[in-house]
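Examining the three-dimensional arrangement
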Amino acid sequence: MAIRLTIVDPNDADAEHVRGFVQDRVVIGRARSCDICLPDMAVSTRHLEIKVEGNDYKVVDLGSLNGTYIDGKKLVAHRPKILHNEDVIHAADFKIHFRLGVFPSPMDVGAESTRQARRMVASLLTGSSFRGRLPVILVLGGPGKAGRFEIPPAPSRIVIGRTRDMDIRLEDRDLSRAHAEIIFEDGVIRVNDLGSKSGIVVDGERVETLELESGKSFVVGNTTLALEHPADEMLASIQEAPEEETSSFSPDKNERDTMPPVEAESPAKQDPEPPIPVGPEDPLNYPGQPGYLRTTREMPKPPVEPGSDLGLIIIGVIIVVAAVAGLVFLFT
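A quick note: this is a predicted structure, and the numbers were derived from the prediction, not measured.

Here's the deal with the overall build of the protein
Broken down by element type, the protein carries 4 helices and 22 strands. Burial status across the protein gives 39% buried among its 332 residues. In the protein, 46% of the contacts between residues at least 6 apart in sequence involve partners at least 24 apart. If you sum the accessible surface of the protein, you get close to 20200 Å²; carbon and sulfur atoms cover 54% of it.

Considerations on the sheet that holds strand β7 (residues 68-70)
Judged by pairing direction, the sheet is antiparallel, and its 6 strands sit side by side in the order β2-β1-β11-β10-β7-β8 without closing on themselves. Pairing within the sheet leaves two strands with one partner each, and these edge strands are β2 (16-21) and β8 (73-74). Where β7 and β8 come together, 2 bridges link them in antiparallel fashion. In the sheet register, I70 faces β8, and the bridge partner there is K73.

Quick look at the nonpolar core
The biggest cluster of nonpolar side chains holds 25 residues, and the ones touching the most others in it are L5, I28, L38 and I50. Those elements giving two or more residues to this core turn out to be β1 (3-8), β3 (25-29), β5 (48-53), β6 (56-61), β10 (88-91) and β11 (94-100). With residues up to four places along the chain from it excluded, the contact list for I28 reads L5, C34, I36, L38, R46, H47, L48, I50 and I96.

Observations concerning the pairing of strand β16 (residues 178-185)
In terms of burial, β16 is largely enclosed, as 6 of its 8 residues are buried. As defined by bridge partners, strand β14 (residues 156-161) adjoins β16 across 6 bridges and the pair is classed as antiparallel. The residue bridging I160 from the neighbouring strand is A180, located in β16. In this sheet, strand β17 (residues 188-193) lies alongside β16 in antiparallel orientation, the contact comprising 6 bridges. Pairing of A180 across the sheet is with D193, part of β17. The turn linking β16 back onto β17 is made up of 2 residues, and D186 within it adopts a positive phi angle of 55°.

Overview of the pattern of salt bridges
Counted by the stated rule, this structure contains 15 salt bridges. Measuring nitrogen to oxygen at the nearest pair gives 3.2 Å for the salt bridge that ties R115 to E112. Taken together, the residues R115 and E112, both in helix α1 (residues 109-127) and 3 residues apart, mark about one turn of the helix. There is no split in this pair, since R115 and E112 are both buried. When the shortest N-O distance is used, the salt bridge between R157 and E181 registers 2.4 Å. Taken together, the residues span a long stretch of sequence, with R157 in strand β14 and E181 in strand β16 at a distance of 24 residues. On the basis of relative accessible area, E181 is assigned to the buried category, the value being 13%. Linked by salt bridges that have partners in common, K51, E53 and K58 make up one network.

Some remarks on the environment of M41
You can see M41 is positioned in the loop between β4 (36-37) and β5. Of the residues examined, M41 reaches a relative accessible area of 22% and is grouped as partly exposed. Distance in space between the C-alpha atoms of M41 and Q239 is 8.8 Å, their sequence separation being 198 residues. In this view, M41 contacts R30, I238, A241, E245, T246 and S247; residues no more than four positions away in its chain are not counted.

The rules behind these values
- Residues numbered from 1 in each chain as written.
- Predicted model: local features only at pLDDT ≥ 70, side-chain atom pairs only at ≥ 80, totals over all residues.
- Heavy atoms only, no water.
- Helix = DSSP H or I, 4+ residues; strand = E, 2+ residues; numbered from the N terminus.
- Buried < 20%, exposed > 50% of the residue type's maximum accessible area, 1.4 Å probe, protein only.
- Contact = heavy atoms within 4.5 Å.
- Areas by Shrake-Rupley, 256 points an atom, 1.4 Å probe, with all protein chains shown as cover.
- Pairing = 2+ DSSP bridges.
- Core = buried A, V, L, I, M, F, W, Y, C linked by side-chain atoms within 4.5 Å.
- Salt bridge = Lys/Arg side-chain N within 4 Å of Asp/Glu carboxyl O.

Right under this line is the structure:
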């Protein structure tokens, strides 16, 4: 069986990242080892997986901090749920559209996962003007070694060559006048050959076009160049962060409206109302003040009616007389 997963990036709703898989298990999370990397700290390192059981594809939440949702309902952790064609899986702010069928996919799943995650992060950084940082072409070897050339914000185009009017001018006799161009758009930086004599060489092989990645060098003429991209630093920090650094996530209003309502607490469980205090709450309040409430000590005592204690007096007198008589008898 084969599936196609379309990931909608919350930071760029118009961009869809399509991945095809022909395998029995697809792990999704923010760790580098996942088949699909979602570069967001609200996503757990291993958030969920899609696997084959019998003739069905099932989705399983792997005990993620912020949960996995389908149709607004949160999945029970580690309990598989059958997936149907066109189901939409929610993980943090990401939407993953599930479709059945055979679709072309790259052989190197890990490398494609990293490229996809880099594009997501680059798209985020593009929207925030890279927080003051821009991608840079570094000169690693050859004439002009240690040079640095910034790539303008997307969409942009700069040309590499040896004439004075080039955006990146290199004193390299093996370069053509206009040797290659660097295109920056949709979060991707690519170098294209402009019909030069020596072309673009990567790992000893000549190529017509190349998608640039940080740390991977290429050669034009007799000069070795490489890309330094701020997105790679940010992506590495997200992928390598431990699970305990995953941040809690609150769905937006539209998603909250589709979630099951929380039952109100029954009256029996509510705390009883506190008793009404007797006396003033303010210790500075004193008798004579307006609104003063007397304390229990100041409450008037009921009057004692005359004769109500006569019986007690008679009994007391009898006890005293008996005591005196006893003492007289004892001493005689």
